[in-house]
Amino acid sequence: MNYFESNYFTYKNSDLFCENVNLEEIAQNVGTPVFVYSKKFFTDQFKAFENAFKNINHKIFYASKANYNINVIRLFNQLGAGIDVNSAGEFYRAIKAGVLPKDMIMTGVGKTDEEIKLSLENNVSLIKAESIQEIHQINLLAKEMDKIAPLAIRVNPNVDAATHPYISTGLAENKFGIDETLAMQIFTEANKLTNIKLLGIDMHIGSQITKIQPFVDAISKLVSIVEKLKEVNINLTHIDVGGGLGVKYNDEKTFTVDEFAKAIIPVLSKTKCEIFFEPGRFLTANGGALISKVLYTKENLAKNFLVVDAAMTDLLRPSIYGAYHHIQPLKLKDPKDIIVDVVGPVCESGDFLAKNRNISACEKNDLIAVMSAGAYGMVMASNYNARRKPAEVLVDGDTFRIIRERETFEQQIQNEKIVI
Ligand SMILES: *Cc1c(COP(=O)(O)O)cnc(C)c1O
């Protein structure tokens, strides 16, 4: 069996621990399925990022869409991160987490008037526009509210991030940003508008990117746009290079944040701009595991199955991206491996957590961990099949706390009314 261990998730006497807490204890106390996060992992990742860029003027905005539990947002904010919010809902969560609007940036390819007004009313530090029409709309709403909108424009640098097509965002064919070829024209037009203060240029070329070169190529393009804008007297104060740093789910060859810094700082230092980052997955993915119980084992003609109590409604990534997550027992006991599909109870053949996976033989009621589930896990959970959204737990050293209770059936129907 191919299993995952780290400084945060380790086997001690064949029991899987998160920091100093036996995961079995959490499963027994909170039930399954449950997401478990390591506070120390989140903290260490953030500090490693900060440290890699300590010699340049920079700010990290945690991309809250990766894991928006209010405790996770609050933790990164306490560590010194700003928060990247992508909707009114994420803004609301960040406020509830205690984040000040001046430490937030508002992103998103389709902001509604409500979201733009919310950003202006509360004085978020930056609104990032993704089209010329949106820039005019922001200007119009700012004028009505007698405000000056702090603005950055997202440019699509047309580089291939070589990641899954659903999470590639920096190619000319993607819906995000303005074309790099139109950048001069659009920045010049935006600069003439009365209620906009043009502050920065922004990119985000995709997610789970495992090579540095696409970043270097894209950043070079942004830097040369910044230089050209200077010639026409448009002086930007920041370059936002987005997020997208890849992490290890299986055997991907990734790069460290220090290697990332070493490669991009020379390109960036040609400008005097402050550098913004928006990491999400890097800060959270390997700090989480989804714990689940084996409901049944079965052998069909063609395959062996483990039917577990977690499903695509808890962790969607395998279903939509064919994503790989290590799956391993909480107790290492049987050295014998079997090849199985790990599937959930949902009525869809797309409901699987792993296919044709070599794992150590499991029995009914055994507990398993789906690793690397700290990013794009709980935030994509749904109620299909009227399944309750799982609980979330934060481990800190030798203690654990529930940071989100398992959803109840009453909560699921609270907005419904009987009218017939
Ligand atoms: C999703 C997203 C991020 C975070 O991406 P990760 O791959 O999780 O680092 C950052 N910025 C923008 C604009 C995004 O859409």
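Residues numbered from 1 in each chain as written. Predicted model: local features only at pLDDT ≥ 70, side-chain atom pairs only at ≥ 80, totals over all residues. Heavy atoms only, no water.

### A look at the site of the ligand
What counts is decided by this rule: Throughout this document, a residue counts as near a molecule or strand when at least one of its heavy atoms sits within 4 Å of that molecule or strand. Think of a polar contact as two N or O atoms within 3.5 Å of one another; within protein, one of them needs to be a possible hydrogen donor and the other a possible acceptor, and neighboring residues in sequence only count if both atoms come from side chains. In this description, accessible areas are obtained by the Shrake-Rupley approach with a 1.4 Å probe, and a residue is regarded as covered only by the protein chains that are shown. Only protein atoms enter the calculation, which uses a 1 Å grid: trapped sets of points that fit a 1.4 Å probe without letting it out are cavities, open sets showing protein on both sides within 12 Å along at least five of seven lines are pockets, and any residue with an atom within 4 Å of a point is a lining residue. More than half of a molecule's atoms within 2 Å of the grid points is what it takes for that molecule to sit in a cavity or pocket.
Among the 14 residues in the neighbourhood of the ligand, the closest are listed as K65, S207, E278, R281 and Y376. Note that an oxygen atom of the ligand is positioned 2.9 Å from one of the backbone N or O atoms of G280. When isolated, the ligand has an accessible area of 390 Å², and the protein chains bury 93% of it. Here the ligand occupies the largest pocket.

### Overview of helix 4 (residues 88–96)
What counts, and what does not: Exposure categories follow from relative accessible area, calculated using a 1.4 Å probe and restricted to protein chains: below 20% of the type maximum is buried, above 50% is exposed, and the middle band is partly exposed. Working definition: helices are DSSP H or I runs of at least four residues, strands are E runs of at least two. Numbering for both runs from the N terminus. Our arc is simply the arc of the directions from the helix axis toward the C-beta atoms.
If you check which residues of helix 4 are buried, you get A88, E90, F91 and A94. Mapping the buried residues of helix 4 onto a view down its axis gives an arc of 160°, with all of them on the same face. For helix 4, the exposed residues lying more than 90 degrees away from the buried face are Y92 and K96. G98 occupies a position one or two residues after helix 4 and carries a positive phi of about 95°.

### Examining the domain arrangement of the protein
Where we set the bar: Here the bounds of each domain stem from an automatic or database domain assignment. Note on definitions: a residue-residue contact is assigned when non-hydrogen atoms from the two residues lie within 4.5 Å. Buried area: the accessible area, evaluated with a 1.4 Å probe, that two parts lose upon being put together, summed over both parts. Salt bridges, as used here, are contacts in which a Lys or Arg side-chain nitrogen is within 4 Å of a carboxyl oxygen on Asp or Glu. Under this grouping Gly is polar, as are all residues other than the nonpolar Ala, Val, Leu, Ile, Met, Phe, Trp, Tyr, Cys and Pro and the charged Asp, Glu, Lys and Arg.
Domain annotation of the protein identifies domain 1 (9–38 + 285–412) and domain 2 (107–279). Put simply, the middle of domain 1 and the middle of domain 2, counted by C-alpha atoms, are 36 Å apart. Opposite the 10 residues of domain 1 that make contact, domain 2 presents 8 residues. When the two sides are added together, the surface that domain 1 and domain 2 hide from each other amounts to roughly 790 Å², 54% of it contributed by carbon and sulfur. Applying the counting rule to domain 1 against domain 2 returns 0 salt bridges. Split into classes, the residues belonging to the side of domain 1 that touches domain 2 amount to 5 nonpolar, 4 polar and 1 charged.

### Considering the pairing of strand 21 (residues 399–404)
The two faces of the sheet receive side chains in turn, since in a regular strand these alternate between them. Put simply, the test is: Following DSSP output, two strands are said to pair if at least two bridges run between them.
Sheet topology note: the strand 20 (residues 391–396)/strand 21 ladder contains 5 bridges and is antiparallel. Bridging from a neighbouring strand, V393 pairs with I402 of strand 21. Between strand 20 and strand 21, which pair antiparallel and follow one another directly, the connecting turn spans 2 residues, one of which, G397, has a positive phi of 70°.

### Some details on the sheet that holds strand 2 (residues 15–18)
Across a sheet, strands are paired by hydrogen bonds formed along the backbone, either parallel or antiparallel in direction. A sheet is described by the order of its strands in space; here 3 strands give the open sequence 1-2-3, paired in antiparallel fashion. Sheet topology places strand 1 (9–12) and strand 3 (21–22) at the edges, where each strand pairs with a single neighbour. Both strand 2 and strand 3 contribute to a ladder of 2 bridges, which runs antiparallel. Counted as the bridge partner of C18 is V21 from strand 3.

### Overview of the packing of helix 2 (residues 39–52) against helix 9 (residues 257–268)
So the rule is basically this: For helices, the axis comes from a line fit to the C-alpha atoms of the stretch in contact; other axes are also lines fit to C-alpha atoms, and the angle between any two N-to-C directions lies between 0 and 180 degrees. The scheme is simple: roughly parallel for angles under 35 degrees, roughly antiparallel for over 145, roughly perpendicular for 65 to 115, oblique for anything else. Here is the rule for handedness: rotate from the far helix to the near one, and if that takes an anticlockwise turn smaller than a right angle the crossing is left-handed, while a clockwise turn gives right-handed.
Packing of helix 2 against helix 9 brings their axes to within 9 Å, and their N-to-C directions diverge by 25°. By the criterion of interaxial angle, the relationship of helix 2 to helix 9 is roughly parallel. Relative to helix 9, helix 2 is oriented so that their crossing is right-handed. Residue-level contacts link A48, F49 and A52 of helix 2 to V257, D258, F260, A261 and I265 of helix 9. Its residues assigned to classes, the contact of helix 2 with helix 9 shows 7 nonpolar, no polar and 1 charged.

### Overview of the environment of K39
When you line up the elements, K39 lands in helix 2. Here K39 falls in the partly exposed class, since its relative accessible area comes to 27%. In this structure, the C-alpha to C-alpha distance between K39 and L75, residues 36 residues apart in sequence, is 8.3 Å. Those residues within four positions of K39 in sequence are excluded, and the remaining contacts are E19, L75, L394, V395 and D396.

### Examining the nonpolar core
Using the following cut-off: What we call a nonpolar core is a set of buried Ala, Val, Leu, Ile, Met, Phe, Trp, Tyr and Cys residues that are connected through their side-chain atoms within 4.5 Å.
Counting residues in hydrophobic clusters, the biggest one holds 128 residues, and the most contacted among them are I26, F53, F187, I239 and V342. In terms of residue count, the dominant contributor to this core is helix 8 (residues 213–231) (9 residues). Discounting residues that sit within four places of it in the chain, F53 has contacts with H58, V257, F260, A261, I264, I265 and F277. Formed by 6 residues, the second largest nonpolar core is a distinct cluster that contains I105, L126, L199 and F276.

### Comments concerning the packing of aromatic side chains
To keep it simple, the criterion reads: What counts as a ring pair is set by centres within 6.5 Å for rings of Phe, Tyr and Trp (its six-membered ring), and what kind of pair is set by the plane angle: stacked under 30 degrees, edge-to-face over 60, tilted for all other angles. Any Lys NZ or Arg CZ found within 6 Å of a ring centre and within 35 degrees of that ring's normal is scored as a charge over the ring.
Overall, the coordinates contain 19 aromatic pairs when judged by the stated rule. Ring geometry for Y3 and Y11: centres 5.2 Å apart, planes at 80°, overall edge-to-face. Judged by relative accessible area, which is 35%, Y3 ranks as partly exposed. Taken together, the ring pairs in this structure connect Y8, F35, Y37, F41, F42, F46, Y62 and F76 into an aromatic cluster. Over the aromatic face of F61 sits the side chain of K59, whose NZ or CZ is 5.7 Å from the ring centroid. Here K355 stacks its cationic end above the ring of F352, 4.7 Å away from the centre of that ring.

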